[in-house]
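Each chain, written out:
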Amino acid sequence: GATDAGKLEFNTEKTGAAIATAMKIDSSGYVTTPLRPYFHAYGSSTQAWSGTASYSTVQFNGVWENHGSHYNTSSYTFTVPVAGVYFFWYTYTNATNSSTGPQAYIVYTPSGGSASYRSGVIQYSDYYNTVGDNAVINCAKDSTVLIKMINLNDVSFTIDLSRSTFGGYLIG
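Some details on the layout of surface pockets
- When its volume is computed, the largest pocket comes out at roughly 190 Å³.
- Lining the largest pocket we find Thr12, Glu13, Lys14, Ala17, Ala18, Ala20 and Leu35.

Some words on a nonpolar patch on the surface
- Taken together, the side chains of Tyr38, Val136, Tyr169 and Ile171 present a nonpolar region at the surface, about 350 Å² in accessible area.
- Structurally, Tyr38 can be placed in strand 5 (residues 38-42).

Some thoughts on the packing of aromatic side chains
- Inspection of every chain in the model, using the stated rule, returns 16 aromatic pairs.
- A centroid spacing of 4.9 Å and a plane angle of 55 degrees characterise the contact between Tyr55 and Tyr117, whose relative ring orientation is tilted. Taken together, the residues Tyr55 in strand 7 (residues 55-57) and Tyr117 in strand 13 (residues 116-122) connect sequence positions 62 residues apart.
- The exposure class of Tyr55 is partly exposed, given its relative accessible area of 37%.
- On the basis of relative accessible area, Tyr117 is assigned to the partly exposed category, the value being 36%.
- Seen in terms of ring centroids, Phe78 and Phe88 are 5.9 Å apart; in terms of plane orientation they differ by 65 degrees. Their pairing is edge-to-face. Within this pair, whereas Phe78 is found in strand 10 (residues 77-79), its partner Phe88 is found in strand 11 (residues 84-94), the two being separated by ten residues in sequence.
- The exposure class of Phe78 is buried, given its relative accessible area of 1%.
- Site record: aromatic cluster; members linked through ring pairs are Phe39, Phe60, Tyr71, Phe78, Tyr86, Phe88 and Phe166.

So, the pairing of strand 5
- Of the two faces of strand 5, only the one carrying Phe39 and Ala41 is buried; Tyr38, His40 and Tyr42 on the other face are not.
- The sheet contact formed by strand 5 and strand 8 (residues 62-67) spans five bridges and is antiparallel. Bridging across to strand 8, Tyr42 finds its partner in Gly62.
- With five bridges joining them, strand 5 and strand 17 (residues 165-170) adopt antiparallel strand pairing. Counterpart to Ala41 in the pairing with strand 17 is Phe166.

Details of the nonpolar core
- Judged by nonpolar contacts, the single largest core of 30 residues is most densely connected at Tyr71, Phe88, Tyr90, Tyr92, Ile106, Met149 and Phe166.
- For this core, the secondary-structure elements that each account for two or more residues are strand 5, strand 11, strand 12 (102-109), strand 14 (129-139), strand 15 (144-151), strand 16 (157-160) and strand 17.
- Residues within four places of Ile106 in sequence aside, it is in contact with Phe88, Tyr90, Ser116, Tyr117, Arg118, Ser119, Asn134, Ala135, Ile137, Val145, Leu146 and Ile147.

Rules behind the numbers
Residues numbered from 1 in each chain as written. Predicted model: local features only at pLDDT ≥ 70, side-chain atom pairs only at ≥ 80, totals over all residues. Heavy atoms only, no water. 1 Å grid on protein atoms, 1.4 Å probe; cavity = no way out; pocket = protein on both sides within 12 Å on 5 of 7 lines; lining within 4 Å. Points joined across faces, edges and corners; volume = space filled by probe spheres on them. Patch = residues over 30% accessible without salt bridge, like charges linked within 9 Å, V, L, I, M, F, W, Y side chains within 5 Å. Areas by Shrake-Rupley, 256 points an atom, 1.4 Å probe, with all protein chains shown as cover. Salt bridge = Lys/Arg side-chain N within 4 Å of Asp/Glu carboxyl O. Helix = DSSP H or I, 4+ residues; strand = E, 2+ residues; numbered from the N terminus. Phe/Tyr/Trp six-rings, centres within 6.5 Å; stacked < 30°, edge-to-face > 60°. Buried < 20%, exposed > 50% of the residue type's maximum accessible area, 1.4 Å probe, protein only. Pairing = 2+ DSSP bridges. Core = buried A, V, L, I, M, F, W, Y, C linked by side-chain atoms within 4.5 Å. Contact = heavy atoms within 4.5 Å.

This is the structure we're talking about:
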C-alpha cells in the first residue's frame, strides 16, 4: 500500500491494466472499498400475473447503480462476481386489490446448481401498498440472484414496477 498525507491505500493491478485502488483508509479512519460490487435496480411500467399459479421473474429493467456491471437489465439477474457474503433486498408495490395476494422470493442459484427460494413475503392488501424483504446469502462465484413472484390461488394481480426495487452488495 501507499501512504500519503495521512491515508493508506491498497492497490491492485491486472496484467496490462491500470492500477486500481481496492481499499483506502483516510486520515480520519474512514475505510472505503471502491471495487466492491453493488447494484440498485428498478422497473418501469407494470407487470401482470394471471391464470394458473406460476413463478415469473420480476422485470427490474433499469438501474440507478450497477458498480461492476454485474446486474443484467435484460435478464433481470445479478451474477456474483466474487465469492462472499452478500446482502440483497427487494420491494414491490401491488397495483391491484388482492385478497389472496402475490408472493415474492429472492431466488439464489449456484452455478450449475439448483435454485433456492429465500426470504419470501406475501401481500394481502389494498392498492399501492409496498412490501419487501431481505436476505444475507453466502454466494459462490458465478451464482445468480433474481426476484420471482407467484400468483397464489390463481389470482390475477399487477405490480407497479416504477415503485419496486431490487438491490444488493458484497458484505465481505
